[in-house]
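# Summary of the model geometry
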Amino acid sequence: MDTTIKQSLEEIVGEENFSDSLIDLIAYSKDASEHHHRPDAALWPVNTEQISAIMKLANREKLPVVPRGAGTSLAGLAVPEQGGIILDLGRMDKIIEINIEDRLAVVQPGVIYADLDRALSPYGFFFPPDPASGSVCTLGGNVATNAGGIKGAKYGTTKDYVLALEVVLPDGRVLHTGSKCMKSVSGYDLTRLFVGSEGTLGVVTEITFKINPKPPLVSTAMATFEKLEDAGRAVNQIMYSGIIPSALEIVDQQTLIAINENTDLGLPVVEALLVAETDGHTKEETEFQMQKIISIFKSNNATTVKHAEGKEEAEALWTARKSSYGVVARINNNLLVEDLAVPMSKVPDMLRAISDIAGKHDVKMPTVGHVGDGNLHPVICFDGTDPDEVKRVQEASTELFEKVIELGGTLTGEHGIGLAKIPFMGLEHDEISMDIMRSIKRLFDPDNILNPGKMGLEE
Ligand SMILES: Cc1cc2nc3c(=O)[nH]c(=O)nc-3n(C[C@H](O)[C@H](O)[C@H](O)COP(=O)(O)OP(=O)(O)OC[C@H]3O[C@@H](n4cnc5c(N)ncnc54)[C@H](O)[C@@H]3O)c2cc1C
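Rules of the game
- Residues numbered from 1 in each chain as written.
- Predicted model: local features only at pLDDT ≥ 70, side-chain atom pairs only at ≥ 80, totals over all residues.
- Heavy atoms only, no water.
- Phe/Tyr/Trp six-rings, centres within 6.5 Å; stacked < 30°, edge-to-face > 60°.
- Helix = DSSP H or I, 4+ residues; strand = E, 2+ residues; numbered from the N terminus.
- Buried < 20%, exposed > 50% of the residue type's maximum accessible area, 1.4 Å probe, protein only.
- Lys NZ or Arg CZ within 6 Å of the ring centre and 35° of its normal.
- Near = heavy atom within 4 Å.
- Polar contact = N/O pair within 3.5 Å; in protein donor to acceptor, adjacent residues only side chain to side chain.
- Areas by Shrake-Rupley, 256 points an atom, 1.4 Å probe, with all protein chains shown as cover.
- Nonpolar A, V, L, I, M, F, W, Y, C, P; charged D, E, K, R; others polar.
- Domains from an automatic or database assignment.
- Pairing = 2+ DSSP bridges.
- Axes fitted to C-alpha atoms, helices over the stretch in contact; angles between N-to-C directions.
- Contact = heavy atoms within 4.5 Å.
- Parallel < 35°, antiparallel > 145°, perpendicular 65-115°, else oblique.
- Left-handed = near helix turned anticlockwise from the far one by under 90°.
- Core = buried A, V, L, I, M, F, W, Y, C linked by side-chain atoms within 4.5 Å.
- 1 Å grid on protein atoms, 1.4 Å probe; cavity = no way out; pocket = protein on both sides within 12 Å on 5 of 7 lines; lining within 4 Å.
- Points joined across faces, edges and corners; volume = space filled by probe spheres on them.

## Some thoughts on the packing of aromatic side chains
- Under the definition given, this model contains eight aromatic pairs.
- Seen from their ring centres, Tyr113 and Phe127 are 5.7 Å apart, and the 40° between their planes marks the pair as tilted. Residue Tyr113 is located in helix H4 (residues 113-120), and its partner Phe127 is located in the loop between strand S7 (125-126) and helix H5 (139-145); the two are separated by 14 residues in the primary sequence. The pair formed by Tyr113 and Phe127 is uniform in burial state, with each residue classed as buried.
- Grouping aromatic residues by their ring pairs yields a cluster made of Tyr113, Phe127, Tyr161 and Phe209.
- Above the plane of the ring of Tyr161 lies Lys210, whose end atom (NZ or CZ) is 5.8 Å from the centre.

What follows is the structure, encoded as structure tokens:
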């Protein structure tokens, strides 16, 4: 990096908040995906004024800037593909306000998801999106990716909770969007434009979230199915039965085999295992919903149904689902964690297609997913040093995404496009929508300095 630029950046953030040491640059060259590229420097700004000054300088010097939370992106969103500056927002980690009367929380972007949830707990409130990475990922990252999780079917995703934002634009101006009101249709919805924009339009420096009262009781059940189609039909029937489960998750056979081979859980090796959770304020309410779900499990040929008696038993029923990523990640060299979503009625078709495509290309693709909202995570496992396997993985991925689109689905339910899914953007978005997206990017960032190279926005 040019020494004058380096000096100017050190003046803005202080020498202790600047690094161009090799060890830091290597650490910041990766996120949780397979992608990597080294930045030229890393900065740890502590306030909006510093970020504004950094962006003014970067804009003048045409330096790429990549905002970064915890770096847990699974699709290469936080990788500095064109070098430049990593803006690590981890030191802006204050919960500024919790206002129960107005049902909102105001936070800095570096607050860890679980820390907000913990802070809300004494008030009987929670922040529902609940990504599986919640113990480490940041709320700024959640906004930039529109993160979701196991509670999506009932409680939606991050976009349903963002009321207002403070954002530093690529030219350094500070924009305020939205309001602290539960309702507002005042002008274009600029807040929503930033949610899921993958750090390509602005740096989020303050977030106002709507928060929810937390139902105190939950009921949990697990069922196994010899046939995938029986599980798929059970999911469909649950979702139009009038009950909205607070979680409805699937674990497929390949995942069960991987778990059994690498743990002592001894799970039944069936085609599908479903875990359901209901929540409410009284036992009658949660059990009424759960009994309806259990009867649907049984009428769709469930081979075993277990209904947890207490918290410990409930945790045991969740073990298969919650240990799946850890086990699969531990035993494979390389992973592509896919994240497709299909309309609810197409979940069984998609699950069968995943299994067929895996078989056809001789690729391991254990799959888990939030079937309650149609979001499935086939995890493509491979050895990146084997060119033949890499080729089969590429062919299988292409077929997977073609099938998703054929079923009326979408490339990504919660992880984003980043670098990983750029080749497939044209399958889902026609030239008009790509043109509009590129125009929006040009309007905010005419010199393409903010997280460049992502989302297929470059011509
Ligand atoms: C084990 C595991 C489980 C996961 N489970 C889930 C899950 O259940 N649901 C889910 O949705 N995701 C999940 N993810 C993916 C990931 O955790 C989410 O995408 C998360 O929201 C990323 O947050 P982060 O702080 O790590 O952001 P990063 O990875 O650092 O960044 C992600 C993107 O956000 C941008 N960004 C970060 N902060 C800001 C900011 N302040 N302003 C502007 N842009 C910003 C970055 O530029 C980048 O484009 C999982 C990941 C792992 C490794």
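Structure's up, so let's keep going.
## Comments concerning the environment of Met350
- Tracing the sequence through the fold places Met350 in helix H12 (residues 347-360).
- The spacing of Met350 and Gly374 is 24 residues in sequence and 9.4 Å in space, taken between C-alpha atoms.

## Things to note about the site of the ligand
- Around the ligand, 34 residues are found, and the nearest of them are Pro67, Thr72, Ser133, Thr138 and Gly148.
- Leu77 has a polar backbone atom sitting 3.2 Å from an oxygen atom of the ligand.
- Within the side chain of Ser133, an N or O atom sits 2.6 Å from an oxygen atom of the ligand.
- Burial of the ligand by the surrounding chains reaches 94%, relative to a free accessible area of 970 Å².
- For the shell around the ligand, the secondary-structure elements that each account for two or more residues are strand S3 (65-68), H5 and strand S10 (203-210).
- With five residues, H5 is the largest single contributor of residues to the shell around the ligand.
- Split into classes, the residues belonging to the shell around the ligand amount to 16 nonpolar, 15 polar and three charged.
- Here the shell around the ligand gathers at least three residues from each of two domains, domain 1 (3-90) and domain 2 (93-213).

## Points about the sheet that holds strand S6 (residues 104-107)
- Taken together, five strands build an open sheet; the order of strands is S5-S6-S10-S8-S9 and the sheet is antiparallel. Of all the strands in the sheet, just strand S5 (95-99) and strand S9 (174-178) have a single pairing partner and so form its edges. Taking each pair of neighbouring strands and ignoring which way they run, the sheet shows an average axis angle of 10°.
- Pairing geometry for S6 and S10, over four bridges, is antiparallel. Opposite Leu104, over in S10, you have Lys210 as the bridge partner.
- On top of the sheet, H4 reaches S5, S6 and S10; it is set at about 35° to S5, its chief contact.

## With respect to the packing of helix H1 (residues 3-13) against helix H3 (residues 48-61)
- Two elements in contact, H1 and H3, have axes separated by 9 Å at closest approach and are oriented at 165°. Of the possible angle classes, the one that applies to H1 and H3 is roughly antiparallel. For H1 against H3, the interelement crossing comes out right-handed. For the pair H1 and H3, the contacting residues are Ile5, Ser8, Leu9, Ile12 and Val13 in the first and Gln50, Ala53, Ile54, Leu57 and Glu61 in the second.
- For the contact of H1 with H3, a count of residues per class yields seven nonpolar, two polar and one charged.

## What about the nonpolar core?
- With 40 residues, the main nonpolar core has Leu274, Phe297 and Met350 as its most contacted residues.
- Per element, the largest residue contribution to this core is seven residues, and it comes from H12.
- Beyond its immediate chain neighbours, meaning those up to four positions away, Leu274 contacts Ala221, Met222, Ala223, Phe225, Ala231, Ala234, Val235, Glu249, Ile250, Phe297 and Val371.
- The next biggest cluster of nonpolar side chains, apart from the first, holds 27 residues, and it includes Leu116, Tyr161, Val162 and Phe209.

## Quick notes on the layout of surface pockets
- Of the voids in this model, the second largest pocket is the one considered here, and its volume is about 760 Å³.
- Lining the second largest pocket are 31 residues, with Asn146, Val195, Gly196, Glu198 and Thr412 sitting closest to its centre.
- Broken down by element, the residue count for the lining of the second largest pocket peaks at four residues, all from helix H15 (residues 431-444).
- There are two domains that each give the lining of the second largest pocket at least three residues, and those are domain 2 (93-213) and domain 3 (217-406).

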